[in-house]
Number of protein chains: 2
Amino acid sequence: MTGQDPLVIFMPSGRRGHFAPGTTVLDAARELGLGIESICGGRLTCGKCKVQVEEGEFAKHGIVSRAGHLTAAGEAERELLNAAHADDCRLSCTACVTGDVLVYIPEESRAQKQIIRKAAGERVIDIDPAVRQVYVQVDRAQLGEHRGDWRRLQDALAREVGLTGLTIDLHALRRLQPALHQGKWGLTVILWNDAEVIDVRPGYAEGIYGLAVDIGSTTVAAYLCDLRTGEVLATESAMNPQITYGEDLMSRVSYAMMNDDGTDKMHDAIIKALNKLAGQAAHTAGLKVRDIHELVVAGNTTMIHLFLGIDPRELGGAPFALANRDAMDIKARDLGLRLHPAANVHVLPAEAGHVGADNVAVLIAEEPHRQEQVELIVDVGTNAEIVLGNREWLLSASSPTGPAFEGAQISAGMRAAPGAIERVRIDKTTGAATFRVIGDERWSHEWDLAAAHVLDGKPEYLAAGICGSGIIEVVAELFLAGILTADGRFNAAHPTDRLVWEGRRGAYILATAEQATSGQPLYVTQDDVRNIQLAKAALYAGAKILMKRAGVERVDRVILAGAFGSYIDPLYALILGLVPDCDPQQIAAVGNAAGDGARIALLNRGKRAEAQELAHTVRYIETAVADDFQDEFVGAIHIPHASDPYPHLADLLPEPVAVEPAAARRRMRSR
Amino acid sequence: MTGQDPLVIFMPSGRRGHFAPGTTVLDAARELGLGIESICGGRLTCGKCKVQVEEGEFAKHGIVSRAGHLTAAGEAERELLNAAHADDCRLSCTACVTGDVLVYIPEESRAQKQIIRKAAGERVIDIDPAVRQVYVQVDRAQLGEHRGDWRRLQDALAREVGLTGLTIDLHALRRLQPALHQGKWGLTVILWNDAEVIDVRPGYAEGIYGLAVDIGSTTVAAYLCDLRTGEVLATESAMNPQITYGEDLMSRVSYAMMNDDGTDKMHDAIIKALNKLAGQAAHTAGLKVRDIHELVVAGNTTMIHLFLGIDPRELGGAPFALANRDAMDIKARDLGLRLHPAANVHVLPAEAGHVGADNVAVLIAEEPHRQEQVELIVDVGTNAEIVLGNREWLLSASSPTGPAFEGAQISAGMRAAPGAIERVRIDKTTGAATFRVIGDERWSHEWDLAAAHVLDGKPEYLAAGICGSGIIEVVAELFLAGILTADGRFNAAHPTDRLVWEGRRGAYILATAEQATSGQPLYVTQDDVRNIQLAKAALYAGAKILMKRAGVERVDRVILAGAFGSYIDPLYALILGLVPDCDPQQIAAVGNAAGDGARIALLNRGKRAEAQELAHTVRYIETAVADDFQDEFVGAIHIPHASDPYPHLADLLPEPVAVEPAAARRRMRSR
């Protein structure tokens, strides 16, 4: 492949390469180390290797033609795609590159299925959901008495439950008479907010369920809960498919501004993804999607606008006006969501133009407004939200860190999926690394490549890329080993043979060719280190600005939240300088606090009122326009000296592992 | 054609005949005098002659096979139908009969387009609709101020209009920010019930419209109104397409009970018809359907159940329990109605199992509860509703008259459409008839058949059938001429040559072969007379029962309502005995009072509250189970002696016209 050859970019990973015309998309993907499912091996019988070709201008990616360039689909391909109702797709085993093209690999086509590392935290939540069930005995209709069955039900609810002024959803009204007859006038009623009857079932019939969703720029997480017990029955997550239209918030806002149907496309993409997640969650729990009676949604302001189908362009420039800041209740069907036909959606409120429902969810989950101590809560993601305060006062800010912490904008980056490097240790003497990949408990130097268990034609481990926690650890370990300097440059004086140079730009071999799925070494490049530095500097500067505004010199406690936050080792976060100095014992990683908050609001309607109030009491600080932001940002780009504030830090670090390069023996190809 | 040949039945007219296999559906229809549009004359180029083949068991009609029997569609036919997006249709010019079949001729395929005889009555109505417009100036968003544009709009509405606690429809929220920018923060807001923002428009933009609909068993009428002026901009009506599934209410209830998808099919049919009427009305008024911001619906209880998609089976037997008796507000989109995307539907309340929103609409239109006099209001239709009372008391009842008054169940019956006989005079001496058809001002004896203006290959007049008012007049005139006896039998002793006999059963030639579109004489058969007698006896008995219950010997005033009521000559109604004795000067025909009531509720929301109250104060009398109903019914089957109570009646009747049979000269066929 040469630079003159067509450019092929794969989303959502962003990996790219130039390939000779005639290369199949499947081969191109494999050459870049991307697994696409293919059972029949290009015999055009399985139809598993579906990809989507994105049309439009993607100047940012280096593609300016509107149409994707692939050979035309033949008869057999069209038939397979029609049978799969996938008419906007191509089969990657037969579609060949003819020009520059942006290809999206849908979740179901990816060879590596996503795993969930951690179910939602086991917090104590009072169960008082907006959706509840009551059983009532309704008066039987009598000749000469004309109330109508809905009035008879209202009378029963007033008499037996004390509720008046109720409405009924049309879908429930349609089921009322058959349910009354089948249940011999005994009826289980599902009420929403003690205001609306959303379902009726004959006789006594238990079972109400809800879904809490956190829509992140990169990752969407969903928790299916039993609304009677609060139990999480299923936790599912997926890549936000909007990533095709832009990796960060501003790219998506731009996409909406530049394309007339941009908002609709991104709205449809997230609704489709949520329907799929709901289906998966219901399936996992042995339920049907129509058993889901409510959905609570958290997300940043742009995600919420797009979820509602509202053009987010006003968020792209001052004064960053939200279409709506307050909590909303909408019928799920009005958004195209396929849950119970009468299900409602509760959208949590936002604080300001760039601090959204996800941060409000973090607040109701972490409750800094109930603490004496000054807490700093950092919700790490493609856009980071920062909260500082205690029971007396709360400040919030937003920092555009970019997606580096989620494994994007990193040359070998990938999501937390099997094969992703998540833990790294570097030998200070040899500079060689040992690491662990998701899906294998062993460190890489313990691997016996010759005896690898073969799964789907491949050894079951091997490194496919680096996920967020792996990136943070490798950069911190490189620094601790002296391979990186405090200003983030590779140290040519280090005796390691793992550093390679292209002119003055170094790169570090994290995994050798033998250890990598692609058969090519996985590098940590100078750009990767820079991206991490910029991201952590943005986080740090945002936190510092809030501390200055509050007149706080030091925080008592740091909470690292984020869909991947549970995997960050707080020590490495401190070494890298993601967060201001704090006793390492007082740094806690709490996982997806926004998701937890959505789940709490799903299970407790009092928390919704609290969220609405908090959204108005938190004082939002516009850090981007602060005079001192740039100073703080630049000052935070360096990696701070690890052992300076915490002499005991070295003791807390794990014992370095001696890595012999010979341990990575040549593996036997099993096919 | 013989009795062994396949049976072909055409809906909605119900005309039927046996045809040799291989006969095209178009030819069969023409042979029965039914006009199907066809421009290309069977050359398979125009695609105008579309018909629908109904599948299912129609045992009542004499068809028991589930599938309709026609030859398979060829390539050319399929292409034409695909192009017209009419894939459930066949082209009648090419589809040939192979077995028994039930064929529905859709409105657009009928050669005789329906006309509206009378726009809605010009009543005085205070204009105070549920939908109103206000113009507000909204605060401009400021950096550092985070209310959100919806909150800013709420603040403006509170400040300038004094409204608080409002909600906003998602569709309006989606339009809010662009409208604010385009209108430079000046906004026209469309409010529903002073509770919900359903639309926003940039700057100052006038124009709000609503649709009032009366869903009858046989006819659906729609009035498009300007909600600022109350002006009726368009009046449209159509056959209720549910008639395919049963002509009267009980047949439709049965259809719903016998077929799992019966309710859905009938629901879909009426929604489709309403969408079409809304489209036609908007087109007539130079508007778009999305300009219609509210719909008010009246209809009998079965029609309202089916409109809402609720199985009406409970109305099929005691205790006749309604799913809901009270008024309802629903989003039009939840019913599949294509109006403004945030439009609401207001469904008027019902009184009891068989007296529905249509009668409540009649009450708010005619206001018997404001009269001193005792009024009898008869709303004539396939199901007749009767109200008796004054400001002190009101009774209501329902009488299943059947569709005879609407031209169905009458051998030559048809809807009020061009070519339908609407007025009849019979010469007492010769027994010959002269008549007028809709679309021609002249009496038939004035026709010059030789000089007939030819339109679409046919003279522009000629009689196609008899509509409701024509049937009432011909039976009354036959009685006045002595051709019918008071017990409804044809009088063989009358010297007329217009009577023909088959054994002891007579039939009267109303139109000669030369005068008829089909080239076959139009008869009034003994069965036709019996059907009218049964229908009028049901009406009369219902009214009598109410009078007995109220202890009233005589009513002060009779109001004849109904979609065709304006065409009944009150004198003939009295002669036939449709209504109890009353001073003929005190009988008024008011047209579609239910439609008027729906329109009034559309224009004045106070009337909706009044409707809800009236629905509960009217006392419903279950006449069907009354011990004395059968007596009254049997006693009312005879035709009362016309001149007995009103010696001056003969003076009021029009001068009989001398009809010479020779006047109907042999006409020249123009093609």
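The structure presented is a predicted model; accordingly, all values stated were derived computationally and were not measured. Sequence order as written defines the numbering, with residues in each chain counted from 1. Chains carry letters from A onward and ligands carry numbers from 1 onward, assigned in written order. Totals for whole chains, interfaces and linings use all residues, but because this is a predicted model, local features are given only for residues with pLDDT of at least 70 and pairs of side-chain atoms are given and counted only at 80 or more.

Draft legend 1. The arrangement of the overall build of chain A in detail. When its secondary structure is counted, chain A shows 15 helices and 29 strands. A total of 671 residues make up chain A; the buried ones form 54% of that total. Distance between backbone-placed C-beta atoms decides contact: two residues are in contact if it is within 7 Å. Within chain A, contacts between residues separated by at least 24 positions form 69% of all contacts whose residues are at least 6 apart in sequence. Strands are runs of DSSP state E lasting at least two residues, helices are runs of H or I lasting at least four, and both sets are numbered from the N terminus onward. Buried, partly exposed and exposed are defined by the number of other C-beta atoms within 10 Å of a residue's own C-beta, namely 20 or more, between the two limits, and 12 or fewer respectively, with C-beta atoms placed from the backbone.

Draft legend 2. Geometry of the environment of L306 of chain A. Residues and elements named next belong to chain A. Tracing the chain through its elements places L306 in helix α7 (residues 301-308). With 44 residues separating them along the chain, L306 and G262 place their C-alpha atoms 9.7 Å apart. Ignoring sequence-local partners within four residues, the contact set of L306 consists of Q242, T263, M266, H267, I270 and P312.

Draft legend 3. Layout of the sheet that holds strand β23 (residues 465-466) of chain B. Residue and element names in this part refer to chain B. The 3 strands lie next to each other as β20-β19-β23, forming an open sheet whose pairing is mixed. Two strands in the sheet have a free side with no partner beyond their single neighbour: β20 (433-437) and β23. The strands that helix α9 (residues 468-480) touches are β19 (420-426), β20 and β23; relative to β19, the one it contacts most, it runs at about 15 degrees. Two strands pair if DSSP finds at least two bridges between them. Angles here are taken between N-to-C directions and fall from 0 to 180 degrees, while the axes themselves are lines fitted to C-alpha atoms, restricted in helices to the stretch in contact.

Draft legend 4. Representation of unusual backbone geometry within the structure. Omega for the bond connecting A318 of chain A with P319 of chain A falls within 30 degrees of zero, at 0 degrees, which places this linkage in the cis form. The residue N193 of chain B is not glycine, and still its phi comes out positive at about 55 degrees. Tracing the sequence through the fold places N193 of chain B in the loop between β8 (186-192) and β9 (196-202). The exposure class assigned to N193 of chain B is partly exposed, which follows from the 16 C-beta atoms found within 10 Å. The backbone phi angle of E367 of chain B is positive, close to 50 degrees, even though this residue is not glycine. Position of E367 of chain B relative to the elements: it lies in the loop between α8 (357-366) and β16 (375-379). You can call E367 of chain B partly exposed: it has 16 C-beta atoms within 10 Å.

Draft legend 5. Up close: the interface of chain A and chain B. Chain A puts 36 residues into the contact, and the matching count from chain B is 36 residues. Elements with a contribution of two residues or more to the side of chain A that touches chain B: α3 (149-161) and α4 (170-182) of chain A. At 6 residues, the largest contribution of residues to the side of chain A that touches chain B is made by α4 of chain A. Here the term charged refers only to Asp, Glu, Lys and Arg, the term nonpolar to Ala, Val, Leu, Ile, Met, Phe, Trp, Tyr, Cys and Pro, and the term polar to all other amino acids, Gly among them. For the side of chain A that touches chain B, the class distribution of residues is 17 nonpolar, 8 polar and 11 charged.

Draft legend 6. Quick peek at the relation of the copies chain A and chain B. Least squares is used to superpose the copies, and the fit set is the C-alpha atoms of residues whose pLDDT is at least 70 in both copies. For the pair chain A and chain B, the relating rotation is 180 degrees, the translation along its axis is 0.0 Å, and the fit reaches an RMSD of 0.2 Å. The relationship between the two copies is best expressed as a two-fold rotation axis. Within chain A, the C-alpha atom positioned nearest to the axis of rotation is that of D334 of chain A, 4.3 Å from it. Mapped onto chain B, 100% of the interface residues of chain A again fall at the interface, so both copies present the same surface.

Draft legend 7. Local environment of the nonpolar core. The term nonpolar core refers to a group of buried residues, namely Ala, Val, Leu, Ile, Met, Phe, Trp, Tyr and Cys, whose C-beta atoms join them within 7 Å. Counting residues in hydrophobic clusters, the biggest one holds 365 residues, and the most contacted among them are V297 and V378 of chain A together with V297 and V378 of chain B. For V297 of chain A, the contacting residues outside a window of four places in its chain are V213, I215, F307, V345, V347, L348, A357 and A598 of chain A.

Draft legend 8. Structural detail: the packing of helix α8 (residues 357-366) of chain A against helix α12 (residues 593-603) of chain A. All names here are of chain A. Two elements in contact, α8 and α12, have axes whose closest approach is 7 Å; the angle formed by their N-to-C orientations is 75 degrees. The angle between α8 and α12 falls in the class roughly perpendicular. Between α8 and α12, the residues in contact are D358, A361, V362, I364, A365 and E366 and A593, A594, D596, G597, A598, I600 and A601, respectively. Of the residues that constitute the contact of α8 with α12, the class distribution is 9 nonpolar, 1 polar and 3 charged. Each angle receives one of four descriptions, namely roughly parallel if under 35 degrees, roughly antiparallel if over 145, roughly perpendicular if within 65 to 115, and oblique otherwise.

Draft legend 9. Spotlight on the sheet that holds strand β13 (residues 292-299) of chain A. Residue and element names in this part refer to chain A. Strand order in the open sheet formed by 6 strands is β12-β11-β10-β13-β15-β14, with mixed pairing between adjacent strands. Each edge of the open sheet carries a strand with a single partner, namely β12 (232-239) and β14 (328-331). Averaged over all pairs of adjacent strands, the angle between their axes in this sheet comes to 20 degrees, without regard to strand direction. Bridging between strand β10 (residues 209-215) and β13 involves 7 bridges; their strand directions are parallel. Looking at β13, one finds that G210 is bridged to E294. In the packing of α7 onto the sheet, contacts are made with β10, β13 and β15 (344-347), and the angle to β13 comes to roughly 140 degrees.

Draft legend 10. Quick look at the environment of D631 of chain B. All names here are of chain B. Its location among the elements puts D631 in helix α14 (residues 629-635). Looking at D631, the number of C-beta atoms within 10 Å reads 13, which means it is partly exposed. Linking D631 and A601, residues 30 residues apart in sequence, is a C-alpha distance of 39 Å.

Draft legend 11. Representation of the environment of R504 of chain B. Position of R504 of chain B among the secondary structure elements: in the loop between β24 (499-502) and β25 (505-511). Counting along the chain gives 12 residues from R504 of chain B to A492 of chain B, while the straight-line C-alpha distance between them is 9.2 Å.

Draft legend 12. Layout of the packing of helix α5 (residues 249-258) of chain A against helix α6 (residues 262-284) of chain A. Residues and elements named next belong to chain A. Following both chains from N to C, one finds α5 and α6 inclined at 130 degrees, their axes separated by 6 Å at the closest point. When the axes of α5 and α6 are compared, the pair comes out oblique. Every residue of α6 that contacts α5 at R252, Y255, A256 and M258 is listed here: G262, T263 and M266. When grouped by side-chain class, the residues that make up the contact of α5 with α6 number 4 nonpolar, 2 polar and 1 charged.

Draft legend 13. Representation of helix α4 (residues 170-182) of chain B. Residue and element names in this part refer to chain B. In a helix, the anticipated span is given by 1.5 Å times the number of residues less one. If you check α4, its first and last C-alpha atoms are 19 Å apart, about what 13 residues at 1.5 Å a residue would give, namely 18 Å. The term bend refers to the angle at a residue between two fitted axes, each drawn through seven residues, those ending there and those starting there. Along α4, the helix axis deviates most sharply at L176, where the bend reaches about 40 degrees; the proline P178 sits within four residues downstream. Of all the residues in α4, the buried ones are H171, A172, L173, R174, R175, L176, Q177, A179 and L180. In this structure, the buried residues of α4 make contact with α3 (149-161), β7 (167-168), β8 and β9. K184 occupies a position one or two residues after α4 and carries a positive phi of about 50 degrees.

Draft legend 14. Geometry of the confidence of the model for chain A. All names here are of chain A. For every residue, the predictor assigns a confidence score, pLDDT, that lies between 0 and 100. Averaged over every residue, the pLDDT of chain A is 85; the share at 70 or more is 86%. Throughout residues 643-654 the model reports pLDDT below 50, and contacts reaching past four residues in sequence, or to other chains, amount to 11 contacts. Overall fold confidence for the complex sits at a pTM of 0.79, while the interface term, ipTM, reaches 0.79.

Draft legend 15. Structural context of the pairing of strand β5 (residues 101-104) of chain B. All names here are of chain B. Relative to β5, strand β1 (residues 7-11) runs parallel, the two sharing 4 bridges. Within β5, the residue paired with I9 across the bridge is L102. Looking at chain direction, strand β3 (residues 50-54) and β5 are connected through 3 bridges and run antiparallel. Across the sheet, the residue bridging to Q52 is Y104, located in β5.

Draft legend 16. The arrangement of α8 of chain B in detail. Residues and elements named next belong to chain B. Across the 10 residues of α8, 10 count as buried, placing the element largely inside the fold. For α8, the set of buried residues is A357, D358, N359, V360, A361, V362, L363, I364, A365 and E366. One or two residues past the end of α8 sits E367, with phi positive at roughly 50 degrees.

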